[in-house]
Amino acid sequence: MNYGKYKFEQAKKEKEAKKKQKAFEVKELRVTPNIDTHDFEFKVTNARKFLESGNKVKITVRFRGREMNYVKQGEEVINNFISSLEDIAIPEKKPLLEGKNMFVILSKKV
């Protein structure tokens, strides 16, 4: 068998496999622990749009200064996001606190 022909066939197969691959994009929504109701609802509608278009959504609660004393409040905000989007999305992991940010990644239900 011709080696050049073999390499061409392999490249062709790899290209075909890449076509069928679905690349996920992660959209991030940043909020604070003391977010107001209208702002919250606006972010939820944006998250819903992102999920319906096939993207994953990363919800980040950023704590600044003395807000680090109110981590429970930030966790409540994330849980409210999860419960308001539970009809269309599921969390990949439970909310995670890293430094001054708490985040969760939501993906569309299958």
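Look above for the structure.
Quick notes on the rules
Residues numbered from 1 in each chain as written. Predicted model: local features only at pLDDT ≥ 70, side-chain atom pairs only at ≥ 80, totals over all residues. Heavy atoms only, no water. Pairing = 2+ DSSP bridges. Helix = DSSP H or I, 4+ residues; strand = E, 2+ residues; numbered from the N terminus. Contact = heavy atoms within 4.5 Å. Buried < 20%, exposed > 50% of the residue type's maximum accessible area, 1.4 Å probe, protein only. Lys, Arg positive; Asp, Glu negative; His and termini not counted. Salt bridge = Lys/Arg side-chain N within 4 Å of Asp/Glu carboxyl O. Right-handed = clockwise from strand over helix to strand, strands pointing away. Axes fitted to C-alpha atoms, helices over the stretch in contact; angles between N-to-C directions. Parallel < 35°, antiparallel > 145°, perpendicular 65-115°, else oblique. Left-handed = near helix turned anticlockwise from the far one by under 90°. Nonpolar A, V, L, I, M, F, W, Y, C, P; charged D, E, K, R; others polar.

Peer 1: When you look at the pairing of strand 5 (residues 101–108) in this model, what are you seeing that I'm missing?
Peer 2: Along any regular strand, the residues point their side chains to alternate faces of the sheet. When strand 2 (residues 56–62) meets strand 5, the two strands line up antiparallel, connected through six bridges. Bridging across to strand 5, Ile59 finds its partner in Val104. Across three bridges, strand 3 (residues 89–91) lies against strand 5 in antiparallel orientation. Residue pairing across strands places Ala89 opposite Lys108, the latter belonging to strand 5. Two strands pair when backbone bridges link them, and strand 4 (residues 96–98) and strand 5 are joined in this way by three bridges, in the antiparallel orientation. Paired with Leu97 across the strands is Met102, a residue of strand 5. Adjacent in sequence and paired antiparallel, strand 4 and strand 5 are bridged by two residues, among which Gly99 carries a positive phi angle near 65°.

Peer 1: Any chance you could explain the environment of Gly54 here in plain terms?
Peer 2: Along the chain, Gly54 turns up in the loop between helix 2 (37–52) and strand 2. Along the backbone, Gly54 and Lys22 are 32 residues apart, and their C-alpha atoms lie at a distance of 9.6 Å. When near neighbours in sequence (up to four residues on either side) are disregarded, Gly54 contacts Lys22 and Phe24.

Peer 1: Explain the side chain of Glu67 here, please?
Peer 2: For Glu67, the position within the fold is in the loop between strand 2 and helix 3 (71–84). No salt bridge is formed by the buried Glu67, whose closest oppositely charged neighbour, Arg64, lies at an N-O distance of 5.5 Å. Those residues in contact with Glu67, other than ones at most four positions away along the chain, are Pro33, Asn34 and Arg62.

Peer 1: Just to check I follow, could you spell out the pairing of strand 1 (residues 26–31) for this structure?
Peer 2: Judged from the six bridges that link them, strand 1 and strand 2 form a sheet pairing that is parallel. In the sheet register, Glu28 faces strand 2, and the bridge partner there is Lys58. Tracing the backbone out of strand 1, into helix 2 and back to the parallel element strand 2 gives a crossover that is right-handed.

Peer 1: In this structure, what is going on with the packing of helix 2 against helix 3? I would like to understand it.
Peer 2: If you want to describe how two helices pack, look at the angle between their axes and the distance between the axes. Look at helix 2 against helix 3: their axes get within 11 Å of each other, and the N-to-C directions meet at 50°. The angle between helix 2 and helix 3 falls in the class oblique. The handedness of the crossing between helix 2 and helix 3 is right-handed. Residues Phe40, Lys43, Val44 and Arg48 of helix 2 pack against Val77, Asn80, Phe81 and Ser84 of helix 3. Residue classes in the contact of helix 2 with helix 3 are distributed as four nonpolar, two polar and two charged.

Nothing here speaks to function; it is all geometry.
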